[in-house]
2 protein chains.
Amino acid sequence: MELWYTEKQTINHGITTKVVNCLHHEQTEFQTIDLLETLEFGRMLVLDGMVMMTEADEFVYHEMIAHVPLSAHKNPNNVLVIGGGDGGVVREILRHGEKIQRVDLVEVDKRVIDLSKKYFPEVTSGLSDHRVNIHVQDGAQYIANTKIKYDVIIVDSTEPVGAATPLFQLDFYRAVFNALSPTGIMVAQTDTPWFKPNLVRKLYGTISSLFPISRLYTAAIPTYPSGLWSFTLGSKQYDPLYFEALPELKTKYYCMEVHRAAFNLPAFVQKLIKKKDELNE
Amino acid sequence: MELWYTEKQTINHGITTKVVNCLHHEQTEFQTIDLLETLEFGRMLVLDGMVMMTEADEFVYHEMIAHVPLSAHKNPNNVLVIGGGDGGVVREILRHGEKIQRVDLVEVDKRVIDLSKKYFPEVTSGLSDHRVNIHVQDGAQYIANTKIKYDVIIVDSTEPVGAATPLFQLDFYRAVFNALSPTGIMVAQTDTPWFKPNLVRKLYGTISSLFPISRLYTAAIPTYPSGLWSFTLGSKQYDPLYFEALPELKTKYYCMEVHRAAFNLPAFVQKLIKKKDELNE
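Now for a look at the structure at hand.

1. Focus on helix 6 (residues 197-210) of chain B
Residue and element names in this part refer to chain B.
Okay, step 1: Between the first and last C-alpha of helix 6 there are 20 Å, a value that for 14 residues agrees with the 20 Å anticipated at 1.5 Å per step.
Okay, step 2: What helix 6 keeps buried is the set Leu 199, Val 200, Leu 203, Tyr 204, Thr 206 and Ile 207. Viewed end-on, helix 6 has its buried residues packed into an arc of 160 degrees, placing them on one side of the element. Exposed residues pointing more than 90 degrees away from the buried face of helix 6 are listed as Asn 198 and Ser 209.
Okay, step 3: Elements that come into contact with the buried residues of helix 6 comprise helix 5 (170-178), strand 10 (180-189), strand 11 (213-220), strand 12 (228-235) and helix 8 (267-273).

See below:
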């Protein structure tokens, strides 16, 4: 028997990948969780039928969502991660060493954390660090009520369906703004400009309406729809285009050249996020 | 009935895309040609079971393989395209206007040209330009015998199987070097660093052994394996990192920022093309 995992990334297109073994299947209070052993990408975490991460390419997403804001902020002492129960973002945050004093991780589904610890021990290695506090709680609720001011907030959400829907609303980003220090920076994953141009435009519009500095950047992730993923960064003071050289971070995708290049968008993506009155058509 | 085209991009992974209609199927002397009408990407050209181009994303590949070398060369009068029977590269070359005096297109399979003209009239629009000469001939043979010195040579080949195999050999690139003017630049598509790291390394090694300046760059192409594609450029004099601002090219992917950014490689790709004696491991 040959087993293939096929994911419809849009209603008309998807990926298909050979599976050695189904390691785990579970319906939690919030979503379905599947863990697969694949031949091409190693272990794969699938939430509600969408690939969240694989052993082979998780480094791209996790490095790019963490190191861009952290390198842009001169002193990221307090960092908040919304979502990210797989631990990958926390692992990357901790590479910034002594600067990092506190990391709060707010994941709504405890089972994502438990299963990631079991099946992705390397990815979750940072979760046991003494500076990391894990809150099993709804991200939107946490952000609305926290009294802490964060230097960096990273929104590592799933797609805007089910439990993550509030994380794509204006109210949520307003609360994120309020939970940031006066020099704070936030970043969110904002899907692919190829298959979800309207979502990219909407999220960029929302974030740019709140923050004095907003910038979209991209990374190439093979197992995500279209392979080209976008992130939107909102900043109160620091422009992420100007940043200090950091000591070697031991990364596999991120580096200073990539940090700069990631903001240089393809022409059709630039056009996508321009305000209507800037378009000459 | 639902019809899906599934392409194994590696033995263990692929894409699957919904098909409205199979427009054409043919076995030529050189390869199988399929033309599909898909819902996600519009019309799709498939050679030997590999997507060559689709209406929706062909602009990325064609713009990036053409405008990078043409913008780097101050005066690209004579341009040669090896392969590229679909006409997309020629269309992009002609956007450079009066600078372009002569374009030679050498395509081994006349049926690719004929069928592209029929099913992709916009892509093939440049083939009827009076400066364009079409040679239905083997690319390696043409390059070994031509007396013309070209300013830019673009190797728009299929994969290194079947008819295109010679286009991935040292002898071929040596002949390309000899067919270039003293300021000549060549570029070749060199596959994906995700699934074909050894091929990328080998081709980069070959080209960099011949040319004083060699550079790898990438572009994000949804329908190509992994979504991240590489191109290797070899140059006798001009460094593609330094180039003059061009007038507006009416492109959808390429722009000056993208030209610069495309050479800023992810850390794992940088490592891939480093010479062994430069690696500290």
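Okay, back to it.
2. Topic: the relation of the copies chain A and chain B
Okay, step 1: Note on the identical chains: chain A maps onto chain B by a rotation of 180 degrees and an axial translation of 0.0 Å, with an RMSD of 0.0 Å. Taken together, the rotation and translation relating the two chain copies correspond to the operation of a two-fold axis.
Okay, step 2: Most of the interface of chain A is mirrored in chain B: 100% of its interface residues are interface residues there too.

3. Let's talk about the environment of A:Thr38
Residue and element names in this part refer to chain A.
Okay, step 1: Examined against the element boundaries, Thr 38 turns out to sit in strand 3 (residues 32-38).
Okay, step 2: Once the C-alpha coordinates of Thr 38 and Lys 18 are considered, the two residues, 20 residues apart in sequence, prove to be 5.7 Å apart.
Okay, step 3: Beyond its immediate chain neighbours, meaning those up to four positions away, Thr 38 contacts Thr 17, Lys 18, Val 19, Val 20 and Met 44.
Okay, step 4: Engagement of the side chain of Thr 38 in a polar contact is seen with the backbone nitrogen of Phe 41, the distance being 3.1 Å.
Okay, step 5: A distance of 2.7 Å separates a polar atom in the side chain of Thr 38 from the backbone oxygen of Gly 42.

4. Here's the deal with the interface of chain A and chain B
Okay, step 1: Taken together, the contact between chain A and chain B spans 40 residues of the former and 40 residues of the latter.
Okay, step 2: Interface area for chain A against chain B, summed over the two sides, is near 3,100 Å², with a carbon-plus-sulfur share of 65%.
Okay, step 3: Sorting the residues of chain A by area buried against chain B places A:Asn12, A:His13 and A:Trp194 first, and these three jointly supply 20% of that buried surface.
Okay, step 4: Counting every contact that joins chain A to chain B gives 18 residue pairs in polar contact (both at pLDDT 80 or more).
Okay, step 5: The greatest single-element share of the side of chain A that touches chain B, amounting to 6 residues, is contributed by strand 2 (residues 13-27) of chain A.
Okay, step 6: Counted by class, the side of chain A that touches chain B contains 22 nonpolar, 12 polar and 6 charged residues.
Okay, step 7: By the bridge criterion, 5 bridges tie strand 2 of chain A to strand 2 (residues 13-27) of chain B in an arrangement that is antiparallel. Of the residues in strand 2 of chain B, the one forming a bridge with A:Thr16 is B:Gly14.

5. Description of the packing of aromatic side chains
Residue and element names in this part refer to chain A.
Okay, step 1: Per the stated rule, a full pass over the model turns up 22 aromatic pairs over all chains.
Okay, step 2: Summarising the aromatic geometry, the rings of Tyr 217 and Phe 231 are spaced 5.1 Å apart at their centres and angled 20 degrees between planes, so their arrangement reads as stacked. Of this pair, Tyr 217 sits in strand 11 (residues 213-220) while Phe 231 sits in strand 12 (residues 228-235); the two residues are 14 residues apart in sequence, bridging distant segments of the chain. Of the two residues, Tyr 217 and Phe 231, neither departs from the other in class, the shared state being buried.
Okay, step 3: An aromatic cluster of three or more residues is present, and its members are Tyr 61, Tyr 217, Tyr 224, Trp 229, Phe 231 and Phe 263.

Reading the values: rules and limits
Residues numbered from 1 in each chain as written. Chains lettered and ligands numbered in written order. Predicted model: local features only at pLDDT ≥ 70, side-chain atom pairs only at ≥ 80, totals over all residues. Heavy atoms only, no water. Helix = DSSP H or I, 4+ residues; strand = E, 2+ residues; numbered from the N terminus. Expected span 1.5 Å × (residues − 1). Buried < 20%, exposed > 50% of the residue type's maximum accessible area, 1.4 Å probe, protein only. Arc of directions from axis to C-beta. Contact = heavy atoms within 4.5 Å. Least-squares fit on C-alpha atoms with pLDDT ≥ 70 in both. Polar contact = N/O pair within 3.5 Å; in protein donor to acceptor, adjacent residues only side chain to side chain. Buried area = accessible area lost by both parts, 1.4 Å probe. Nonpolar A, V, L, I, M, F, W, Y, C, P; charged D, E, K, R; others polar. Pairing = 2+ DSSP bridges. Phe/Tyr/Trp six-rings, centres within 6.5 Å; stacked < 30°, edge-to-face > 60°.

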